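# Residue-level structural notes
Take a look at the letters that make up each chain.
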Amino acid sequence: MSEIIGLPDAPEMGAAALPAGTYDGQVVFVTGAGTGLGKAIAQEFARLGAKIVIASRKPEHLEAGKEAIEALGAEVLTVSCDIREPEQIAAAFDVATEGFGLPDVLVNNAAANFPVPAEDMSPNAWRTVVDITLNGTFFCAREFARRHFLAGTPGSIINVGASYAWTGGPGFAHSAAAKAGVKNMVETLAVEWGPYGIQVNGLVPGLFPHEDMTADIQGNLKRTNDKDVVQPAMRVGRPRELGWAATFLASPYARFISGHTLVVDGANWQRRSLTNPPVVTVRDQMGKGPFEG
Ligand code: HXC
Ligand code: NAP
């Protein structure tokens, strides 16, 4: 008899697969690291010795990220930055470089998202999500790479994606399209910038619930079933697991991995067949009435 046991749970918080001090003397710049997965990623780099730079818009998020990193005894700088604005990104890199030196690693984690049926989406709603998620990611990568080109130093970029880059994302047309662009960008930039020592990879989380999720995203999740049993792993991801994957991808042990997108989702996105559960429209899922223009 085969028992349903799911994939084993993650090791406890604080465990590490990489040698202690792997990131000693290194500077890691993480966008959106005041909340959720960005914070979890920054914490794992910090545990391994990195100095952390957190860039995002909201002072309360910057403060929360700072506290989380300082609690680990690591050095941290926070800088206010809207990644839609290239000048603000340049200024943030100036602050990082003056404080700690040119960042060795860039984690493009910041993104924007909310559920909305495509026919209800305003042009500005589409533009906003694409601008933050796709354009912002490129602007940060560009700034990082240009500075390394001029300095003649190597660096590593990780772009955080989403699996609906491959499948499409009903209810999330803007974010899914933007994340498809982010994944594609990884492949282009890795080839263009490899000769100059810049490694570029993607990192895709599956379902990683956390307390900082926006009300929109939490509300969307609440409308669906229990989270564990709908995953082949029989469990959701633990944010630290994404952090471990990120610290591996940018480490000396992964230098020959570039242009790759690593999916950390317990095989959830491959779970589809010709006889999926009955179709429920996005409007019905969201409790919206008929489209009235
Ligand atoms: C429909 C919406 C909306 C909503 C905003 N808009 N929220 N439309 N439904 N729930 C529309 C607004 O009406 C406006 O269009 C346009 O979007 C811009 O809204 P603003 O509030 O002016 O934008 P801004 O202040 O720049 O804020 C950006 C934001 C906000 C994306 C709207 O939610 C934000 O700051 N999010 C950051 C955090 C985040 O999104 N995290 C999620 C990452 S999770 P009009 O036409 O009225 O001007 C993720 C994957 C999760 O990506 C996977 C799921 C499991
Ligand atoms: P989150 O907690 O909402 O984090 C998003 C972060 O992005 C926030 O800290 C926010 O900070 C920052 N941000 C948003 N717009 C910005 C802007 N214009 N400029 C600078 N920073 C901005 O979401 P999360 O769940 O941790 O998601 C992190 C990443 O994982 C995202 O790329 C997301 O798409 C991806 N992802 C998450 C899941 C999941 O299950 N959680 C699943 C798939 C993919 P400010 O508000 O302070 O600017």
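Residues numbered from 1 in each chain as written. Chains lettered and ligands numbered in written order. Predicted model: local features only at pLDDT ≥ 70, side-chain atom pairs only at ≥ 80, totals over all residues. Heavy atoms only, no water.

### Details of the sheet that holds strand β1 (residues 27-31)
Across the sheet, seven strands lie side by side as β3-β2-β1-β4-β5-β6-β7; this open sheet has parallel pairing. In this open sheet, the two edge strands, each paired with only one partner strand, are β3 (76-80) and β7 (261-264). On average, adjacent strands in this sheet sit at an angle of 20° to one another, irrespective of strand direction. The sheet contact formed by strand β5 (residues 155-160) and strand β6 (residues 198-205) spans six bridges and is parallel. (Pairing = 2+ DSSP bridges. Helix = DSSP H or I, 4+ residues; strand = E, 2+ residues; numbered from the N terminus. Axes fitted to C-alpha atoms, helices over the stretch in contact; angles between N-to-C directions.)

### A word on the layout of surface pockets
Counted as a void, the second largest pocket has a volume near 210 Å³. In this structure, the second largest pocket is lined by M13, G36, K39, A40, Q43, E44, H210, E211, D212, P239 and R240. Elements with a minimum of two residues in the lining of the second largest pocket: α1 (36-47) and α8 (239-249). No other element matches α1, which puts five residues into the lining of the second largest pocket. Looking at the lining of the second largest pocket residue by residue, the classes come out as three nonpolar, three polar and five charged. (1 Å grid on protein atoms, 1.4 Å probe; cavity = no way out; pocket = protein on both sides within 12 Å on 5 of 7 lines; lining within 4 Å. Points joined across faces, edges and corners; volume = space filled by probe spheres on them. Nonpolar A, V, L, I, M, F, W, Y, C, P; charged D, E, K, R; others polar.)

### A few points about the site of ligand 1
Taken together, 14 residues surround ligand 1, and among them R57, N113, S122, N124 and D216 come closest. Separating an oxygen atom of ligand 1 from a side-chain N or O atom of S122 is a distance of 2.6 Å. A distance of 2.9 Å separates an oxygen atom of ligand 1 from a polar side-chain atom of N124. Considered on its own, ligand 1 offers 1,100 Å² of accessible surface; in the complex 57% of this is hidden by protein. When residues in the shell around ligand 1 are grouped by element, the largest group, three residues, is from helix α4 (residues 123-151). The residue makeup of the shell around ligand 1, split by class, is six nonpolar, five polar and three charged. (Near = heavy atom within 4 Å. Polar contact = N/O pair within 3.5 Å; in protein donor to acceptor, adjacent residues only side chain to side chain. Areas by Shrake-Rupley, 256 points an atom, 1.4 Å probe, with all protein chains shown as cover.)

### Some words on the packing of aromatic side chains
What the rule picks out here adds up to eight aromatic pairs. An aromatic cluster is built from F29, F93 and F144, whose rings are joined through pairwise contacts. (Phe/Tyr/Trp six-rings, centres within 6.5 Å; stacked < 30°, edge-to-face > 60°.)

### Looking at the side chain of S175
Assignment of secondary structure puts S175 in helix α6 (residues 173-193). With near-sequence residues (within four places) excluded, S175 lies in contact with A112, N113, V129 and Y164. (Contact = heavy atoms within 4.5 Å.)

### Considering the site of ligand 2
Every one of the 27 residues lining ligand 2 counts as a neighbour, but T35, S56, R57, N109 and H210 are closest to it. A distance of 2.8 Å separates an oxygen atom of ligand 2 from a polar atom in the side chain of H61. I83 places a polar main-chain atom, nitrogen or oxygen, 3.0 Å from a nitrogen atom of ligand 2. When isolated, ligand 2 has an accessible area of 880 Å², and the protein chains bury 89% of it.

### Digging into the pattern of salt bridges
Tallying each qualifying case throughout the model produces 13 salt bridges. The shortest N-O distance in the salt bridge between R235 and E241 comes to 2.9 Å. Here E241 falls in the buried class, since its relative accessible area comes to 16%. Taken together, the salt bridges that share partners define one network made up of D9, R235, R238 and E241. (Salt bridge = Lys/Arg side-chain N within 4 Å of Asp/Glu carboxyl O. Buried < 20%, exposed > 50% of the residue type's maximum accessible area, 1.4 Å probe, protein only.)

### Regarding the packing of helix α3 (residues 86-100) against α4
Between α3 and α4, whose axes approach to 10 Å, the crossing angle comes to 45°. On the basis of their axis angle, the class for α3 and α4 is oblique. Our pair here, α3 against α4, has a crossing hand that is right-handed. From α3, P86, I89, A90, F93, D94 and T97 reach across to α4, where they touch G136, F139, C140, E143, F144 and R147. Per-class residue counts for the contact of α3 with α4 are seven nonpolar, two polar and three charged. (Parallel < 35°, antiparallel > 145°, perpendicular 65-115°, else oblique. Left-handed = near helix turned anticlockwise from the far one by under 90°.)

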